[in-house]
Structures are given as C-alpha cells and as structure tokens.
Amino acid sequence: MRRLNRKKTLNLMKELDAFPKVPESYVETSASGGTVSLIAFTTIAFLTIMEFMVYQDTWMKYEYEVDKDFTSKLRINIDITVAMRCQYVGADVLDLAETMVASADGLIYEPVVFELSPQQKEWQRMLQLIQSRLQEEHSLQDVIFKSAFKSASTALPPREDNSLQSPDACRIHGHLYVNKVAGNFHITVGKAIPHPRGHAHLAALVSHESYNFSHRIDHLSFGELIPGIINPLDGTEKIASDHNQMFQYFITVVPTKLHTYKISAETHQFSVTERERVINHAAGSHGVSGIFMKYDISSLMVTVTEEHMPFWQFLVRLCGIIGGIFSTTGILHGFGRFVAEVIFCRFRLGSNRSTSVPLPDGHTSNHLPLMTENSTH
C-alpha cells in the first residue's frame, strides 16, 4: 500500500515537472546555435563582472530632518594667517543671542612669514584646484566623505626651508566653543577688551599705515575635526588693495551626521558667500577694517549614510542578467533561423521549377522528358 502511494506521488510530481528533459538523441546542434551561445556566454561574463563592480561600490544617502539640539556648544576650528604682526590684531566671537563676547582663549597667536615656501605653494595650488573641481562636480563630495580618515591630511605642511626673514604675519589657529546661535567671528586691529555694552578693540594705538588684512585661510570648519574633509574656505587667499579694507564671509552652517563604513561623526557642512570693500567714510563706505565671518545655524540637520547593495539583491540582479540574456538570444536565434529557412525554401522552389516542353499540336508540357537509352548516348 505504501509503495502504491509512493508511486502515485512520484507520478504526480512528474506530471508537475515544468522542466521536462529531452533525450540527447533528439537534440540537434548547429553552427549558428554554437555561435549564438558563444556570444551569450561572453555577454553574460562581461555583465557579471560589471555587476560585481557595482556590488562592491557604495553610495551616499542623504536624509533631512529638523535639528532639535539647541543646548550643545558649537566648535569652530580656525587656522588663519593675517599679514600683520600678532601684537596688532585680535580675534574674538560676538554671540548675537546674548550680545556678549565668547571666550577666545583656545586660539594661539604665532608669528610667521606670510610668504609661503615652494612646497607650501604647491600644496595651496593643489587645494585650490580641488576646490574649483568641487564647485563644478558636486558628486565629488561623496568621494571626500568616503575617504575621510583614509586620505592625506589637508593641513598646511610645515616650511621645508629655514627662512631667515623676520616674521611679518600672525597665524591664528586653534578652536573655540560657542552657542549654537548666529554669531560673528572677526579679526580686526587691536586686542579685544570687555565692555558693558558688548566689546571693543584697542585700535587707537595702531597706525593706519600698518593696516594690512591680506590673509590666507588654511582651514576653517565647524564641529568635530575630521582629517581628509575639505571645507569651502580651505586654501582661500585674499590680498588687500588698501590699508582700510573689510573682508566679509557670510556662512550658513548645516549640522551633519556622517555615518560611513570607516567613521561615525557629528560634524557641520557650510556654504559661504564673500564680499570685500575699501573703507572710505568720505565716499559713504563705512565700517571697520578687518576680517568678519558672520555665521548662522540652519534649522535642518543632514544625515549622510554610506550604503551598500545587499547580497540578495546582487543575486537577484545576476539571475535576471543570466535568464534575460538566455531568453533574448534564444528568441533572436529562433527568429533568425525561421527567416533563413523561409528564404532558403523559396530559393529551392525557384530553382526546382519545372521546364516547359513544346508539343507538335502547339501545347506545352510541364513534365520533364523521359530518359531513354538513345538519349544517354
């Protein structure tokens, strides 16, 4: 009884077989089929390699949400060289929310030579070239995100020559923490002193002839310092055309969470617009000579995540490639064979068409003449 049920089950499964096997004695091969098969296998191999390269690659996914963190402090990383002596300039941050000066104790004033060495000039030229390409090709930013903590440092290399020239500039570098509200970081003449209504600079002790706010921004970023990330103002150099000149940078800071397979950090991106003008009170151009960076915090936060194609999706796409090529080449080969057979059959019919034999009564015979013994001689 069990054998009978098992036999019925096997017969039922055979009837449900969607892939019937054809005996090899009934399989007919041809040169055209072999050629098509070779083309199909070559195409499958090529597309499989391309699909594997796509599987190995990653891409960046951008998500946007409202930034709900207003209590934490914002870190500003600064490395700016001004073409004035350190005793003549002062840097501080004015918090617009509380109308008070944020502490700038984390900044270091270092006397340096403003003129770069040959190696430093090459570094600056390459950095400016990268900045120009980033403005043209925005997709390169994804490459920079992926290469964070892997690429070479973007900091200005130290001088390779021992310059005997006396320092004529001041390098202001370091970091400071401010509230996450709009503010104004500025470098102007004189050291900053506290004031009941805000702050003031001791500019009266400095001669106007010594004003020179030509500057070079080697690095400016917000948030956690991540090696390998290039910011919009890195490598910027401005040469003042007048002693009394104001340089303004209007910055919009966007909080950013970066999650890649290498790092996970909370940093900030920013966009910037620039403006510069000569201070001439007689001509109606009022203001204070110096470098002013007015920043504002965006209410949106961007989450940048590096994603990878799942393995199951790679298998599905691979099966689609193999099955699609086999089906397409089979259809094309069958259609081509059908057309060839139709043309060949018509050609054979035309070549085997019977000849006409005239008869004595004026009629024609469509039959071939009989072969006789005399006709063979």
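Computed from a predicted structure; not experimentally measured. (Residues numbered from 1 in each chain as written. Predicted model: local features only at pLDDT ≥ 70, side-chain atom pairs only at ≥ 80, totals over all residues. Heavy atoms only, no water.)

So, the side chain of Gln 248
Within the secondary structure layout, Gln 248 lies in strand β12 (residues 245–259). Gln 248 gets classed as buried once you look at its relative accessible area, which sits at 9%. Setting aside its immediate chain neighbours within four residues, Gln 248 contacts Thr 273, Glu 274, Arg 275, Arg 277, Phe 292 and Lys 294. (Helix = DSSP H or I, 4+ residues; strand = E, 2+ residues; numbered from the N terminus. Buried < 20%, exposed > 50% of the residue type's maximum accessible area, 1.4 Å probe, protein only. Contact = heavy atoms within 4.5 Å.)

Concerning the packing of aromatic side chains
Considering all chains together, one arrives at nine aromatic pairs under this definition. When the centroid spacing of 5.8 Å and the interplanar angle of 80° are considered together, the rings of Phe 41 and Phe 326 count as edge-to-face. Placement of the pair is Phe 41 in helix α2 (residues 31–56) and Phe 326 in helix α5 (residues 311–351), with a sequence separation of 285 residues. Put simply, the rings of Phe 52, Tyr 55, Phe 311 and Phe 314 touch in pairs and so form one group of aromatic residues. In this structure, Arg 216 is placed above the aromatic ring of Phe 114, and the distance from its NZ or CZ to the ring centre is 5.0 Å. (Phe/Tyr/Trp six-rings, centres within 6.5 Å; stacked < 30°, edge-to-face > 60°. Lys NZ or Arg CZ within 6 Å of the ring centre and 35° of its normal.)

Some words on the pattern of salt bridges
One pass over the full model with this rule turns up twelve salt bridges. Asp 79 is the salt-bridge partner of Arg 171, the closest N and O atoms lying 2.9 Å from each other. In this pair, Arg 171 is assigned in strand β6 (residues 169–179) and Asp 79 in strand β2 (residues 73–82), connecting sequence segments 92 residues apart. In this structure Asp 79 comes out as buried when scored by relative accessible area, which is 10%. The salt bridge involving Glu 274 is made with Lys 238; its shortest N-O contact spans 2.9 Å. Placement of the pair is Glu 274 in strand β13 (residues 264–278) and Lys 238 in strand β11 (residues 236–238), with a sequence separation of 36 residues. Ionic contacts of the salt-bridge type, sharing partners, join the residues Lys 61, Glu 63 and Glu 307 into one network. (Salt bridge = Lys/Arg side-chain N within 4 Å of Asp/Glu carboxyl O.)

Description of the pairing of β12
Sheet topology places β12 next to β13; 15 bridges connect them, and they run antiparallel. Bridge assignment links Leu 258 to a residue of β13, and that residue is Ala 265. Hairpin connection between β12 and β13: a loop of four residues separates the two successive antiparallel strands. Pairing of β12 with strand β14 (residues 290–297) involves eight bridges; the strand directions are parallel. In the strand pairing of β14, Met 246 is matched with Gly 290. Of the strand pairs in this sheet, β12 and strand β15 (residues 300–308) are connected by four bridges, and their pairing is parallel. By the bridge assignment, Leu 258 is partnered in β15 with Val 304. (Pairing = 2+ DSSP bridges.)

Overview of the side chain of Arg 216
Looking at the element boundaries, Arg 216 is found in strand β10 (residues 215–223). Judged by relative accessible area, Arg 216 falls into the buried class, the value being 3%. Of the polar contacts made by the side chain of Arg 216, one reaches the side chain of Asp 218; its length is 3.3 Å. The residues touching Arg 216, leaving out its near neighbours within four places in the chain, are Asp 79, Ile 80, Thr 81, Phe 114, Leu 116, Gln 124, Thr 236 and Glu 237. (Polar contact = N/O pair within 3.5 Å; in protein donor to acceptor, adjacent residues only side chain to side chain.)

What to know about the environment of Glu 266
You can see Glu 266 is positioned in strand β13. Residue class for Glu 266 comes out exposed when judged on its relative accessible area of 53%. Along the chain, Glu 266 and Thr 256 lie ten residues apart, while their C-alpha atoms are 6.0 Å from each other. Not counting the four nearest positions on each side in its chain, Glu 266 is found in contact with Glu 224, Thr 256 and Lys 257.

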